[in-house]
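# Examining the three-dimensional arrangement
Given next are the chains, with one letter for each unit.
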Amino acid sequence: MSGSHILLNKQIRSLRESSTLAINQRVKDLRSQGQTVFHFGFGQSPFPVPAQIVKSLRDAADNKDYLPTLGLLPLRQAFCDHYQRTYRVTFNPDHVLIGPGSKELLFQALMCLEGPLILPAPSWVSYGPQAHICHKPVRVLATTLENSYKITDVDLEKACQEMADHRQKILILNSPSNPTGCTYSSAELSNLAPVLRKHRVLVIADEIYSLTAYDGQPAPSLAQCYPEGTIVSSGLSKGFSAGGYRLGVMAIPEALSELLPVLTALVSETYSCVSSPIQYAAVAAYQADPEINHYLRTCSQIHKVCGEYLYARFLEMGLRCPPPTGAFYLFPDFESYRQQLKEIGVTTSEQLCGLLLNEVKVALLPGSDFYMPETYLAVRVATVDYKGEELLRAAQQGASLDHKFVEQYATNLKNGCDRIQNFLQSLG
């Protein structure tokens, strides 16, 4: 093979590494070189995994056998019980699939389903590339800052009419949202349901952040008002702070049961099943455990105070930003500084993020990575650059969860904001 070139799949060759993973590695490299970098670029929940789940994992370490392709039945049943308690939504455990992270399950589902993908902008970075791999056309559906970057029934109706030639359409709806931190209310979801039903839209409801909603209650689920057409995707990574466990869950309603054997066959030929100890450990996550519920509420309260602190700081700087209501992200824009930034050669969100990382040492992600126009000067901010164990302990010991709490225990958030603010003031 010396001197020759291998032939690569054209569909894959055009991909680049996920920007969220790339920025995380970039910051790690800079910090390993001794540089101080404020990491607003990567959304990993920083809290320790609940002790009950860790103990279950330790106790299950000797489980070495392959599990069923669908996943461990007690885990699938526990997840169904969790959704019944939380949303009064019924799933059959035989229609629930356990996968190596919700990201993989999303990809597997897109591979199995026919039809174009409707993708609200902004949306998480990996939805589009996954559709591209599956040779699936994508219809980006623009949203507005004024509506907190959420789609409306009017937006959806128009998009569906333009795609009337397609018998089936797919929508991925992420709430609370990565990258905006905004959450659809029950009323907003109910307004979407008739349009979805009318146009035969299958929805993958990415509810991975549902347990991080700021009001202490799980975010509303689309499955409550559109049960027959909603596939629910969730997992351990966000609410339970167990991203590295790589365990996702996908629940398929009875009306879409035709998907299940196809999806199961695909899984059987790809990843087979998820690590046995991880599945046994995950059962504990979905029990009605008062201590885990208290942990979830406390973590969401910390996410709330950190999100609201950054939101207030961004408004003080003159940035526009919808108020966050869940997850651990914000989506501010620098449009009010467009002319000053243009004078120093910055006209795209990618250039803006490059400048802020190189000159200000604040890592952010450009709005263009989330399907926004390149010249729209929006960025995604992750609010979790702190030591979660310390903040969790302080909150559990009765510390007041206010802006002083953030500045005392999450100093990187304050200092990163100070850096951005000083930069903007220097623009004149």
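Treat the numbers as computed from the prediction; the structure is a model and nothing was measured.

This part is about the environment of Pro 50. Structurally, Pro 50 can be placed in the loop between strand 1 (38–39) and helix 3 (51–59). Note on Pro 50: relative accessible area 3%, which makes it buried. The sequence separation of Pro 50 and Val 274 amounts to 224 residues, and the corresponding C-alpha distance is 20 Å. Ignoring any residue separated from it by four or fewer positions in sequence, one finds Pro 50 in contact with Phe 240, Ile 292 and Tyr 295.

It is worth spelling out the environment of Ile 23 at this point. Relative to the helices and strands, Ile 23 resides in helix 2 (residues 19–32). Relative accessible area serves as the criterion here: at 10%, Ile 23 is assigned to the buried category. Considered as a pair, Ile 23 and Phe 42 are 19 residues apart in the sequence and their alpha carbons are 6.9 Å apart. With sequence-adjacent residues up to four places away left out, Ile 23 is seen in contact with His 39, Gly 41, Leu 357, Ala 363, Leu 364 and Leu 365.

Tallied over the full model, the rule gives 0 disulfides. For the unlinked cysteine Cys 225, the closest cysteine sulfur is that of Cys 160, found at 15 Å. Here Cys 299 is not disulfide-linked; the sulfur of Cys 306 is the nearest cysteine sulfur, at 11 Å. Residue classification places Cys 299 among the buried residues on the basis of a relative accessible area of 2%.

This part is about the side chain of Ser 234. Residue position: Ser 234 is located in strand 7 (residues 230–235). The exposure class of Ser 234 is buried, given its relative accessible area of 7%. In contact with Ser 234, not counting residues within four places along its chain, are Phe 79, Ser 102, Glu 207, Ile 208, Gly 248 and Val 249.

This part covers the side chain of His 39. Residue placement: His 39 occurs in strand 1. According to the relative accessible area criterion, His 39 is buried, its value standing at 9%. Polar side-chain contacts of His 39 include one of 3.3 Å to the backbone nitrogen of Gly 41. Setting aside residues up to four positions removed in sequence, His 39 forms contacts with Ile 23, Asn 24, Val 27, Arg 31, Ala 363, Ala 382 and Asp 385.

On to the packing of aromatic side chains, then. All told, the structure shown has 13 aromatic pairs when counted by the stated rule. A centroid spacing of 5.0 Å and a plane angle of 35 degrees characterise the contact between Phe 79 and Tyr 83, whose relative ring orientation is tilted. Remark: Tyr 83 and Phe 79 occur in helix 4 (residues 73–87); sequence separation between them is 4 residues, near one turn of the helix. In this pair, the class of Phe 79 matches that of Tyr 83, namely buried. Through a chain of ring-to-ring contacts, three or more aromatic side chains come together here, namely Phe 79, Tyr 83, Tyr 87, Phe 91, Phe 240 and Tyr 286. For the cation-ring pair, Lys 150 lies above Tyr 184, with the distance from its terminal atom to the ring centre recorded as 5.8 Å.

Strand order in the open sheet made by the 7 strands is 2-8-7-6-5-3-4, with mixed pairing throughout. Edge strands, defined here as strands with exactly one partner in the open sheet, are strand 2 (96–99) and strand 4 (138–142). Mean inter-strand twist for the sheet, computed between neighbouring axes without regard to direction, equals 25 degrees. Here strand 5 (residues 169–174) pairs with strand 6 (residues 201–206) via 6 bridges, running parallel.

Next up on the list: unusual backbone geometry. Looking along the chain, the bond that leaves Ala 121 and enters Pro 122 is cis, with omega of 10 degrees. If you trace the backbone, Pro 122 turns up in the loop between strand 3 (117–121) and helix 6 (127–133). In this model, Ser 175 is joined to Pro 176 through a cis peptide bond whose omega is -10 degrees. If you check the backbone angles, Ser 148 has positive phi at about 55 degrees while not being a glycine. Despite not being glycine, Lys 361 has its phi angle at roughly 65 degrees, a positive value. Within the secondary structure layout, Lys 361 lies in the loop between helix 13 (349–360) and strand 10 (362–363).

What counts, and where the lines are drawn
- Residues numbered from 1 in each chain as written.
- Predicted model: local features only at pLDDT ≥ 70, side-chain atom pairs only at ≥ 80, totals over all residues.
- Heavy atoms only, no water.
- Helix = DSSP H or I, 4+ residues; strand = E, 2+ residues; numbered from the N terminus.
- Buried < 20%, exposed > 50% of the residue type's maximum accessible area, 1.4 Å probe, protein only.
- Contact = heavy atoms within 4.5 Å.
- Disulfide = S-S within 2.5 Å.
- Polar contact = N/O pair within 3.5 Å; in protein donor to acceptor, adjacent residues only side chain to side chain.
- Phe/Tyr/Trp six-rings, centres within 6.5 Å; stacked < 30°, edge-to-face > 60°.
- Lys NZ or Arg CZ within 6 Å of the ring centre and 35° of its normal.
- Pairing = 2+ DSSP bridges.
- Axes fitted to C-alpha atoms, helices over the stretch in contact; angles between N-to-C directions.

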